[in-house]
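Understanding the architecture of this molecule
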Amino acid sequence: MRSWRCFQRCQLIESRSAWTRHAGPKKYSTGRLLEGVRVLDMTRVLAGPLCTMILGDMGAEVVKIEKPGMGDETRNWGPPFIGTESCYFLSVNRNKKSVVVDIGSPKGAQIIQEMAKSCDVLVENFLPGKLKSYGLGYEELSRLNPGIVYCSISGYGASGPYSGRGGYDVIVSALGGMMHITGPEKGEPCKVGTAMTDISTGLYAHGAILAALLRRHKTGKGTKIDCNLLSTQVANLVNLGTNFLNTGIEPRRWGTAHESIVPYQAFPTSDEQHIVVGAGSDSQFTALCSLMKTSFHTNERFSSNKARVRNRKELVELLMAEFKKKPLAEWLEVFTQAKFAYGPINTFAQVFADPQVQHNQMVFEIQHEKAGSIRLISNPVIVSDADMTAQLAPPLLGEHTEEVLEQILKLDAQAIDKLRNDKVIQ
């Protein structure tokens with residue numbers, strides 16, 4: 001029998017073309033959820049760009065303001081690069097138009113002020129107070145456009161002892177407790193593989209923006225939204241944070257295991273791979289034991305979740321011994337009709353070859369002016385009667401400067417040339 005990893009590798013080779021089915025069978029109406037909404041994107045790196053990309057996926061026109069010379073810092077974060085384009089930048093900047101403006105100059109700030117008059121949303125992630133010093137704070141822009149929804153994303157908040165600090169995901173993950181509970185049970189604290197604090201902040205921000213737009217539809221009034229990485233990270237502590245607040249018991253690292261549910265973790269198999277099993281109820285544990293042909297569920301030490309948590313070490317050792325008797329592929333076959341949750345720990349190659357991932361059409365292909373054909377991860381949301389597919393490839397630096405200044409600000413070629421000669425735009 002071929003190993004699971006070998007099987008998946010072969011599947012990957014056979015099914016690369018399936019990665020790009022996104023543009024094929026999906027059918028939508030011509031409408032897009034946020035069609036007609038214009039977003040002024042003054043963010044860079046991850047939390048802000050993810051937020052505005054989601055709005056762009058929903059159909060908003062997103063105008064990304066970048067600084068002259070280097071633009072968004074992530075344009076230079078690599079390798080890997082595709083040609084001259086950073087994969088990091090490509091991952092969170094589709095469906096956007098890039099405009100290069102020196103907002104630190106009076107003329108550059110004036111361009112942003114004029115653009116804000118016709119925008120529904122502004123998203124920024126400068127240090128608190130920085131845009132205000134350019135005349136681009138919420139108070140200034142809301143006087144020009146009372147309906148604007150102005151969302152600020154910062155590291156620690158608009159005020160308070162840490163408000164002047166720059167915030168990066170790994171630092172806030174450490175400060176906010178996530179690294180304290182992540183890693184091997186008896187090992188060092190670890191960072192999560194992707195920047196989950198940034199990602200969560202972008203998701204919170206996009207939800208708040210949508211709610212503010214809904215309220216504005218009713219009242220005609222805009223608002224100021226403040227999101228920050230630290231508060232998001234503390235909110236992400238969810239049940240563990242609540243456990244501590246109400247019991248005073250300090251959570252600890254459990255590796256892949258769960259503090260309050262047993263079994264709920266990864267187990268090594270005979271071929272040195274891993275299967276993750278979650279039995280969240282007594283009936284699910286009974287089903288697990290039945291399929292594994294063991295009688296552990298009849299032992300009073302394991303008869304309830306409370307008992308299993310209390311006798312965790314003994315039960316986990318017994319289950320580990322059982323899982324070591326078969327390779328991963330055989331266990332996956334045994335559990336095919338299981339009533340409990342289970343799955344392999346996949347490599348990225350196995351993730352993108354997985355039949356459910358392919359069925360969900362989580363990869364799409366789009367043409368990029370310099371990088372050629374690139375594959376990106378799809379928006380995971382499907383709306384029955386709206387198009388969520390990518391309309392624009394991630395932009396080149398300043399690719400849309402002239403187009404936006406002509407169409408939104410109605411500037412002619414002579415005025416645009418003067419701004420370029422004055423180094424206000426690029």
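Residues numbered from 1 in each chain as written. Predicted model: local features only at pLDDT ≥ 70, side-chain atom pairs only at ≥ 80, totals over all residues. Heavy atoms only, no water.

Concerning unusual backbone geometry
Across the junction of Gly 78 and Pro 79, the peptide omega takes the value 10°, indicating a cis bond. Assignment of secondary structure puts Pro 79 in the loop between strand S2 (61–66) and strand S3 (81–82). You will see that Glu 272, though not glycine, has its phi angle at about 65°, which is positive. Here Glu 272 lies in the loop between strand S9 (264–268) and strand S10 (274–278). Residue Glu 272 is classed as exposed on the basis of its relative accessible area, which comes to 71%. In this structure, Lys 410 is a non-glycine residue whose phi angle is positive, near 60°. Residue classification places Lys 410 among the exposed residues on the basis of a relative accessible area of 65%. (Helix = DSSP H or I, 4+ residues; strand = E, 2+ residues; numbered from the N terminus. Buried < 20%, exposed > 50% of the residue type's maximum accessible area, 1.4 Å probe, protein only.)

Quick notes on the sheet that holds strand S6 (residues 121–124)
In spatial order, the strands read S5-S2-S1-S6-S7-S8; together these six strands make up an open sheet with parallel pairing. This sheet does not close on itself; its edge strands, each paired only once, are strand S5 (97–100) and strand S8 (223–228). Adjacent strand axes in the sheet meet at a mean angle of 20°, parallel and antiparallel pairs treated alike. The pairing of strand S7 (residues 149–154) with S8 spans six bridges and is parallel. Among the inter-strand pairings, Ser 152 is bridged to a residue of S8, identified as Asp 226. (Pairing = 2+ DSSP bridges. Axes fitted to C-alpha atoms, helices over the stretch in contact; angles between N-to-C directions.)

Here's the deal with the packing of helix H2 (residues 47–57) against helix H8 (residues 196–219)
At a minimum axis separation of 8 Å, H2 and H8 run at an interaxial angle of 45°. Judged by the angle between their axes, H2 and H8 are oblique. Between H2 and H8 lies a crossing whose hand is right-handed. Contacts between H2 and H8 involve Ala 47, Leu 50, Cys 51, Ile 54 and Leu 55 on the former and, on the latter, Asp 198, Ile 199, Thr 201, Gly 202, Leu 203, Ala 205, His 206, Ile 209 and Leu 210. (Parallel < 35°, antiparallel > 145°, perpendicular 65-115°, else oblique. Left-handed = near helix turned anticlockwise from the far one by under 90°. Contact = heavy atoms within 4.5 Å.)

Some points on the sheet that holds strand S11 (residues 341–344)
Strands sit in the order S9-S10-S11 across an open sheet of three strands; the sheet is antiparallel. Edge positions in the open sheet fall to S9 and S11, since each of these has one partner strand only. Averaged over neighbouring strand pairs, the angle between their axes works out to 20° when direction is ignored. With five bridges connecting them, S9 and S10 associate as antiparallel partners. Opposite Pro 268, over in S10, you have His 274 as the bridge partner. Relative to the sheet, helix H13 (residues 312–323) contacts S9 and S10, its axis offset from that of S9 by approximately 40°.

Structural notes on the domain arrangement of the chain
What the domain assignment lists for the chain is domain 1 (38–241 + 384–422) and domain 2 (264–344). The C-alpha-based centres of domain 1 and domain 2 are spaced at 44 Å. (Domains from an automatic or database assignment.)

A word on the nonpolar core
Core analysis: the biggest nonpolar cluster contains 34 residues, and Val 39, Val 121, Cys 151 and Ile 209 have the highest contact counts within it. Those elements giving two or more residues to this core turn out to be H2, S6, S7, H8, S8 and helix H9 (229–235). No other element matches the six residues that H2 contributes to this core. Sequence-distant contacts of Val 39, defined by excluding residues within four places in its chain, comprise Thr 52, Leu 55, Ala 60, Glu 61, Val 62, Val 63, Val 121 and Val 123. (Core = buried A, V, L, I, M, F, W, Y, C linked by side-chain atoms within 4.5 Å.)

A word on the pattern of salt bridges
Scanning the model with the defined rule gives 24 salt bridges in all. For Lys 67, the salt bridge goes to Glu 73, with nearest N and O atoms at 3.9 Å. In this structure Lys 67 comes out as partly exposed when scored by relative accessible area, which is 39%. For Glu 73, a relative accessible area of 18% gives the class buried. As a salt-bridge pair, Glu 185 and Arg 252 come within 3.2 Å of each other at their nearest N and O atoms. Remark: Arg 252 occurs in the loop between helix H10 (238–247) and S9 and Glu 185 occurs in the loop between helix H7 (169–175) and H8; sequence separation between them is 67 residues. You can call Glu 185 partly exposed: its relative accessible area is 42%. (Salt bridge = Lys/Arg side-chain N within 4 Å of Asp/Glu carboxyl O.)

Re the pairing of strand S13 (residues 372–377)
Sheet topology places strand S12 (residues 363–368) next to S13; six bridges connect them, and they run antiparallel. Across the sheet, residue Phe 364 finds its bridge partner in S13, namely Leu 376. Linking S12 back to S13 in an antiparallel pair, the connection comprises three residues.

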